[in-house]
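Listed here are the chains, written in short residue letters.
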Amino acid sequence: MNLIKNTLPLFPSSLDEVIRRIENVDPISYGRTRNYVDGKVTYLSPYISRGFTTTKRILDSVIRRGYKPAQIEKFIQELAWRDYWQQVWIAKGSEINTDIKNPQTPVNNYGMAEAIYKGATGILAIDLAIDDFYNTGYIHNHIRMYIASLSCNLAKNHWKLPAQWMYYHLLDADWASNALSWQWVAGSNSNKKYYANQENINRYCYTSQKSTFLDIPYQAFSGIETISILEPTITPIFTTSLPPAEDISIDRSLPACIYNFYNLDPAWRTEIKANRILLLEPSHFKNYPVAKKTIQFILKLAKENIDKVQVFVGEFQDLLATYSFNSLYFKEHPTTEHYEGIKEDREWMFPVKGYYPSFFSYWKKCKKQLSNL
Ligand SMILES: Cc1cc2nc3c(=O)[nH]c(=O)nc-3n(C[C@H](O)[C@H](O)[C@H](O)COP(=O)(O)OP(=O)(O)OC[C@H]3O[C@@H](n4cnc5c(N)ncnc54)[C@H](O)[C@@H]3O)c2cc1C
């Protein structure tokens, strides 16, 4: 089981290291191995989710290195899932906070299984991953799916609170990928619930557990009423600890560029002189709480890579009321709809915008663009 622990990466905060990580992506091995816990995944999600880099820059990098789209379609498709969920968030707004396509059913409770929270489900690969998660802020995609399935489909927890728990601890916390993936597993954003049995977990996590409550054939899942270890539930309360508010100093002759939880792009508008402000709004973090580790991560990313960035803890309207700017730039995002100023587009891999009811209808459109790469 050391494989799981040994393969866990750290998440450096320097741009050079992130660029090196992008340049070392192996999109061919990725396609073959991504489902394995030690597979050649990129560990780039914390940088993509924080807007520090983009799916487009990663795609451009692999194409520049000579890979042909046809060889690396799986890799491009996975990056496209991220853009797809973002497009759904833009189109549906706060509807993604509730069961989006179908009611999740059956739901026994609106808490979360205590055994998942404590990493004590008895499924070794999952428990180790949860233990590591609290230290690293990262979980492999397949294990995220296993956890969501245990929670929603076996413990029959409604997806929302466990999703908030995962979001709270993830350095790559992205409410669209998070809420919509949890709902996909729970069947409220798909036509079928996702299940994984012990054999599947053993295969992808290199365990050899037998006789667990998951050591059953797939057809047996529909007959499960309760699993005693998953029955006790808890209702954790998530709060964000922001740094204390401090005055910032503004050059009124210059515009302001507003950074936030979802935009920490060090390459953004570097051609202009500007007041660069990382805005941490208490109201944002009340709706989308994150752990201390995540706040430390974003402060490091910002301070080490964005020229003379200053941190403003307060609401956007407080910023406007306290300081005056000759102009103000921000990036489009569902969480910046209340900002005022010049809204700039985010970078996308493909010019495919709007709501598509399924990933594959979205991907069909994206695929047509591959020949332009
Ligand atoms: C229950 C659940 C919750 C999730 N919550 C989040 C979340 O809060 N934030 C987040 O960024 N991702 C989330 N994901 C998606 C996915 O698990 C992570 O993006 C991925 O594991 C990140 O690791 P990586 O960068 O090594 O990914 P890689 O496999 O190397 O993929 C490269 C990039 O492609 C994108 N990507 C890959 N797979 C997916 C996917 N299934 N959905 C969306 N984007 C994908 C990500 O941006 C990722 O960084 C969730 C998935 C599940 C099943």
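As a reminder, the structure under discussion sits directly above these lines.
Computed from a prediction, not measured in an experiment: that's the story for all the values here.

What follows deals with the overall build of the protein chain. Across its full length, the protein chain holds 16 helices and seven strands. The C-alpha radius of gyration of the protein chain comes to 21 Å, within 12% of the 21 Å expected for a compact globule of 373 residues. By principal-axis analysis of the C-alpha atoms, the protein chain measures approximately 70 × 45 × 40 Å. Taking all 373 residues of the protein chain together, 55% fall into the buried category.

Right, let's get into the pattern of salt bridges. One pass over the structure, following the stated rule, counts 16 salt bridges. Note that Lys74 and Glu78 form a salt bridge whose closest N and O atoms lie 3.1 Å from each other. In this pair, Lys74 and Glu78 are both assigned in helix 6 (residues 73–92), four residues apart and thus about one turn of the helix distant. Relative accessible area serves as the criterion here: at 17%, Glu78 is assigned to the buried category. The salt bridge partner of Asp345 is Lys353, with a shortest N-O separation of 4.0 Å. Judged by its relative accessible area of 43%, Lys353 is partly exposed. A network of salt bridges, in which partner residues are shared, links Arg57, Asp265, Lys331 and Glu347.

Turning next to the state of the cysteines. In this structure the tally under the stated criterion is zero disulfides. Of all cysteine sulfurs in the structure, the one in Cys205 sits closest to Cys152, which takes part in no disulfide; the separation is 18 Å.

This part covers the side chain of Lys331. With respect to the helices and strands, Lys331 occurs in strand 6 (residues 328–331). The residues touching Lys331, leaving out its near neighbours within four places in the chain, are Asn263, Asp265, Trp268, Thr336, Glu344 and Arg346.

On to helix 10 (residues 160–169), then. Most of helix 10 is tucked away, with eight of its ten residues classed as buried. Of the residues making up helix 10, those classed as buried are Leu161, Pro162, Ala163, Trp165, Met166, Tyr167, Tyr168 and His169.

Moving on: the sheet that holds strand 4 (residues 275–280). Pairing in this open sheet of five strands is parallel, and the strands run 5-4-3-6-7 from one edge to the other. Each edge of the sheet is formed by a strand with only one pairing partner; in this case those strands are strand 5 (310–313) and strand 7 (342–344). Taken pair by pair, the neighbouring strands of this sheet meet at an average axis angle of 30°, ignoring direction. Pairing geometry for strand 6 and strand 7, over three bridges, is parallel. Along strand 7, the bridge assignment pairs Tyr329 with Ile342. Across the sheet, helix 14 (residues 292–305) touches strand 4 and strand 5, and the angle it forms with strand 4 is around 175°.

This part covers the packing of aromatic side chains. Inspection of the entire model under this criterion finds 38 aromatic pairs. Between Tyr47 and Phe297 the ring centres are 6.0 Å apart and the planes differ by 55°, which places this aromatic pair in the tilted class. With Tyr47 in helix 4 (residues 45–49) and Phe297 in helix 14, this residue pair connects regions lying 250 residues apart in the sequence. Of the two residues examined, Tyr47 and Phe297, each falls in the buried class. Ring geometry for Trp81 against Tyr84: centres 6.2 Å apart, planes inclined by 80°, an arrangement best described as edge-to-face. Residue Trp81 and its partner Tyr84 are located together in helix 6, separated by three residues, close to a single helical turn. Using a relative accessible area of 19% as the deciding quantity, one classes Trp81 as buried. One aromatic cluster is present, built from ring pairs that chain together Trp81, Tyr84, Trp85, Tyr356, Phe359, Phe360, Tyr362 and Trp363. Lying over the aromatic face of Tyr138, Arg144 brings its terminal NZ or CZ to 5.5 Å of the ring centre.

Core analysis: the largest hydrophobic core is formed by 109 residues, its most contacted members being Ile147 and Trp175. The greatest single-element share of this core, amounting to nine residues, is contributed by helix 6. Looking at which domains feed residues into this core, each of domain 1 (112–234) and domain 2 (256–340) gives three or more. If we ignore the near neighbours within four places in the chain, the residues touching Ile147 are Ile116, Ile126, Ile130, Ile139, Trp165, Met166 and Trp182.

Not every one of the 27 residues close to the ligand is listed here, only the nearest: Tyr30, Thr42, Tyr43, Asn141 and Asp172. Between Thr42 and the ligand, the recorded distance is 2.6 Å, taken from a side-chain N or O atom to an oxygen atom. For the ligand, an oxygen atom lies 3.4 Å from a polar atom in the side chain of Arg144. Protein chains shield 97% of the accessible area of the ligand, which is 820 Å² for the free molecule. Counting residues per element, the ones that place at least two in the shell around the ligand are helix 4, helix 6, helix 9 (141–154) and helix 11 (175–186). Partitioning the shell around the ligand into residue classes produces 14 nonpolar, seven polar and six charged.

What counts, and where the lines are drawn
Residues numbered from 1 in each chain as written. Predicted model: local features only at pLDDT ≥ 70, side-chain atom pairs only at ≥ 80, totals over all residues. Heavy atoms only, no water. Helix = DSSP H or I, 4+ residues; strand = E, 2+ residues; numbered from the N terminus. Rg over C-alpha atoms; globule rule 2.2 N^0.38 Å. Buried < 20%, exposed > 50% of the residue type's maximum accessible area, 1.4 Å probe, protein only. Salt bridge = Lys/Arg side-chain N within 4 Å of Asp/Glu carboxyl O. Disulfide = S-S within 2.5 Å. Contact = heavy atoms within 4.5 Å. Pairing = 2+ DSSP bridges. Axes fitted to C-alpha atoms, helices over the stretch in contact; angles between N-to-C directions. Phe/Tyr/Trp six-rings, centres within 6.5 Å; stacked < 30°, edge-to-face > 60°. Lys NZ or Arg CZ within 6 Å of the ring centre and 35° of its normal. Core = buried A, V, L, I, M, F, W, Y, C linked by side-chain atoms within 4.5 Å. Domains from an automatic or database assignment. Near = heavy atom within 4 Å. Polar contact = N/O pair within 3.5 Å; in protein donor to acceptor, adjacent residues only side chain to side chain. Areas by Shrake-Rupley, 256 points an atom, 1.4 Å probe, with all protein chains shown as cover. Nonpolar A, V, L, I, M, F, W, Y, C, P; charged D, E, K, R; others polar.

Without other data, these values stay purely geometric and don't point to any function.
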